Structures are given as C-alpha cells and as structure tokens.
Amino acid sequence: QDAGLPETQPTSQPTSQPITMARSPSPNGYPTSVRLSDYDFTLPSEAIAQVPAEPRDAARLFVHERGSGKRRHLRVRDLPQLLQPGDLLVVNDTRVRPARLHGRRPSGARVELLFLGPAPVDASRTESVPWRALVRPAKKPVPGEVLDVDSGLQAELIEREWEGDQPGPVWSLHLRDPADLKARVEDLLERAGTMPLPPYIERGLDDSRDGADRERYQTVYAAKPGAVAAPTAGLHFTPDLLAALEHQGVRHATVTLHVGAGTFRPVQVEDPRQHEMHAEVYDLSAATVQAVRDTRARGGRVIAVGTTSARVLESCVGEDGELHAGCGETRIFLHPENPPRVIDGLMTNFHLPKSTLLMLVAGLVGRETILDLYAEAIAESYRFYSYGDAMLLLP
C-alpha cells in the first residue's frame, strides 16, 4: 500500500528559468509524435523488478550507440570499457527520506502517511513549522485529529488542501514524539519511517526487507535529504566502480534534484504537450557548470546518470544558450519536440509506458527507436523500473 500514490509512475520535469525555447518539428531529425497512445507498450508483470541486483553493478546494461545504431548487452560493471578519458558523468546527490509511516485514527482505522517536506515558512507563526504529507485514505480524517503512528509517534492533522502537483490531497500536520517534544521531524522519520518504494515494488507492512531497502533504495553518493523517490539510474554505482572510472580519467560532478511525489502523477491527456508538469526543487552549482565547460573544452562527452540529472542540466540553459548555475523549482518537459541539448548521452533505467520519462528518452533517440529498444529489452528479459536494469545511450 502506498500513501495516496496511483498505480502508475509517470514523471515530472524541470523548468526554472524560462527555457521553453521555440523548436522546429523533429529538431533531431526524428519523427515526432504528440499522442500519448504512441508511447504505450505492453510489459509482462514478471519483468517488474521487486529486488535489486546484487552487487549493484551486476545489473544488466543495454548499450545503444545513436550514431552507428550498434547495440550491446553488457553489465553496469563494464562502464569503464564504454566511457572514455575526458568524459563527465553527472549524478544526482539527492537523498531519499524514509518518509512513510503507518498508524491508526482514533476510530482504529488504518492510515498511511507519506511525508513530503516542511510546509512553507510563515513568518507570523510562533509554533513549530508543520510538515506536509499525503494521507491515505485522505477524505475521512478531519482537522484536529491525532493519529497514533509507528514507534509511539503522533501526527496531529491541521488542514487538508489540494495540490495539483501531487497525486492526491495533502495534509499539513505536526509529527511529534510525546516523550521528546523537541525532536526534529527529520530525526523522527529516520528512526521510525520506511522507504517510500513505488507501488509496483510489493512490500507488506511487516516485510523484513525494509532494512535492505533503506540501503539499496539510496545511491552510494546520496548526500542531501529531500527526495521521496530515488534517482534510480544511480543505484547501480558502487564506490569501487566510481573509483575505477576516476582512475580511467572519467570524472563525475553532482547536481541535486529532490524527486517529489508529483513524479507519480500519470499523464491523463492524449496530447502530452497539455500535461502540466509538477515542480521539483533543484540546485546546479558553479563547480558542476565549470566541469561541463571543461569537458567540452577537452572534447569529452557529458553523460547524465538518470533523467533527474538531465532535467537539472537542461533546466539551466539560459537565453544565451549557455549553462548557468542556479537553484529553484523546475517543470521542464523534455520530449522529441523539445529534446535535451546539454547532454551527449544518458544512463537510465527502463520507464513506465506513456510516462514523461519515456518521452524524455525518446527526445534523445526518437520514439520509434526507443520503443524498438524496449521491445528488445523485454525479449531479452531485462528487469524494469526502479530496482531494474539500465540502458546507456551514447552518441
């Protein structure tokens, strides 16, 4: 069960600076499509990964070279053979909060909460800042109700609101430990929360795998708490693999994008251009901008690790066409008519049908090619979605 999350997981994408530049049809020379149904495919349920590969870099890697059309079936640990000295990997260093709690209403009815983050700060408030959470079921609880949740904590509901960015109604609330009223919410979640796995990864309330998920649904370089979903392409890296790449002359730089619950909102319009992307908080440092420029200067390639990294970079292209450091919220929607322009390549997991992330990847290789690649991946028994295998798209 998931706190107010639907059974599908499409995505979101950034825009902070106004970077929705006008584009001619088929800017990469690929046939374009503006019909949602053209991004559908059939996936057998057994292809949805329930547990990650062990070790991380043992996951399979489907390599596609856009220029030659060459395809190879390798492992993530083979990356040093595929990348070149001077290349740059751009990774997302967000950290997933163990943000899910379970509890009961005063009536005894079960509830589930997914904590999204602190509410906007009101300078007039004198009490502690409430947090915002998806609560499931959302309609029956009432303001002022106190929920008994995991590990002896209590959640006092304040106000129910509708947020169009989210996959359901959002409550503002106070989470407290009656035995330690000064405890920080971040600390309470670390102590009592479970990882907010997507709906297609099946776990029971008392599943013993939660401890393993706390480690594996987190990248080894996760540093900045704030996400409610993992940047899953990065889950495949190990410290040894990163060290081997660094030794080879492949650098890496970081961006931050805190993946929000709005990433689970499905596209519900047949013309995806009318889909309203939700906002996600990002940060692009001057150091990473310089790393991209240095890579270009030495003739290297910029490879985004995950769609989240790609969206940050593409969100920070100014009207001058240059990459600029910045932070804020982004709603960018990348697709074949608005393709990525900063990155040369992309490492990414396999995405849901009719999702904006699938359309983002199609922006690199074209709709027909990505659907053909996915058909081959299914035939070759690749594992899909968050705990699944990966694809590497190279120039």
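Here we take up the sheet that holds strand β16 (residues 345-349). Taken in spatial order, the nine strands of this open sheet run β2-β1-β17-β16-β14-β3-β12-β13-β15, and their pairing is mixed. Here the strands that pair on one side only, and so sit at the sheet edges, are β2 (71-75) and β15 (326-330). When the angles between neighbouring strand axes are averaged without regard to direction, this sheet yields 20°. Relative to strand β12 (residues 251-258), strand β3 (residues 88-92) runs parallel, the two sharing five bridges. Opposite Asn 92, over in β12, you have Val 255 as the bridge partner. Its contacts with the sheet put helix α8 (residues 367-379) on β1 (60-65), β2, β16 and β17 (390-394), and the angle it makes with β1 is roughly 150°.

Looking now at α8. Spanning 13 residues, α8 covers 18 Å between terminal C-alpha atoms, matching the ideal 18 Å at 1.5 Å per step. Every buried residue of α8 is listed here: Arg 367, Ile 370, Leu 371, Leu 373, Tyr 374 and Ala 377. Each buried residue of α8 sits inside an arc of 155° when the element is viewed along its axis, so together they form one side. Turned more than 90 degrees away from the buried face of α8 sit Glu 368 and Ala 379, all of them exposed. Of the surrounding secondary structure, the elements contacted by the buried residues of α8 are β1, β2, β16, α7 (356-365) and β17.

Attention shifts here to unusual backbone geometry. Glu 54 connects to Pro 55 through a cis peptide bond whose omega is -10°. Of note, Pro 55 is situated in the segment before β1. Omega for the peptide link from Arg 136 to Pro 137 comes to -5°, which places this bond in the cis form. Phi at Lys 354 is positive, roughly 60°, even though this residue is not glycine. Within the secondary structure, Lys 354 sits in the loop between β16 and α7. Relative accessible area serves as the criterion here: at 33%, Lys 354 is assigned to the partly exposed category. A positive phi is found at Ser 381, a non-glycine position, where the angle reads about 65°. The residue Ser 381 is located in the loop between α8 and β17 in this model.

Summed over all chains, the structure comprises 19 salt bridges. For Asp 38, the salt bridge identified is with Arg 35, shortest N-O distance 3.0 Å. Judged by its relative accessible area of 47%, Arg 35 falls in the partly exposed class. Salt-bridge contacts for Arg 301 lead to Asp 87; the nearest nitrogen and oxygen are separated by 2.8 Å. Of this pair, Arg 301 sits in the loop between α5 (286-297) and β14 (302-305) while Asp 87 sits in the loop between α1 (79-82) and β3, and the two are 214 residues apart along the sequence. By relative accessible area, which is 14% here, Arg 301 ends up buried. Among the charged side chains, a salt-bridge network with shared partners connects Arg 71, Asp 372 and Glu 376.

It is worth spelling out the environment of Thr 232 at this point. Summarising the element assignment, Thr 232 is placed in the loop between β11 (224-227) and α4 (239-248). Here Thr 232 falls in the buried class, since its relative accessible area comes to 15%. Those residues in contact with Thr 232, other than ones at most four positions away along the chain, are Asn 349 and Ser 386.

All right, on to helix α2 (residues 185-192) then. Taken together, the buried positions of α2 are Val 185, Glu 186, Leu 188, Leu 189 and Ala 192. Along α2, the residues classed as buried sweep out an arc of 165° about the axis, all on the same side.

A large share of strand β6 (residues 110-118) lies buried, amounting to seven of its nine residues. Examined bridge by bridge, strand β5 (residues 100-104) and β6 share five bridges and lie antiparallel to one another. Across the sheet, residue Arg 100 finds its bridge partner in β6, namely Leu 114. In this structure, the hairpin formed by β5 and β6 is closed by a connection of five residues, where Gly 108 is found at a positive phi of approximately 95°. Alignment of β6 against strand β7 (residues 131-136), held across six bridges, turns out to be antiparallel. Counted as the bridge partner of Glu 112 is Arg 136 from β7.

So, how was this worked out
- Residues numbered from 1 in each chain as written.
- Predicted model: local features only at pLDDT ≥ 70, side-chain atom pairs only at ≥ 80, totals over all residues.
- Heavy atoms only, no water.
- Pairing = 2+ DSSP bridges.
- Helix = DSSP H or I, 4+ residues; strand = E, 2+ residues; numbered from the N terminus.
- Axes fitted to C-alpha atoms, helices over the stretch in contact; angles between N-to-C directions.
- Contact = heavy atoms within 4.5 Å.
- Expected span 1.5 Å × (residues − 1).
- Buried < 20%, exposed > 50% of the residue type's maximum accessible area, 1.4 Å probe, protein only.
- Arc of directions from axis to C-beta.
- Salt bridge = Lys/Arg side-chain N within 4 Å of Asp/Glu carboxyl O.

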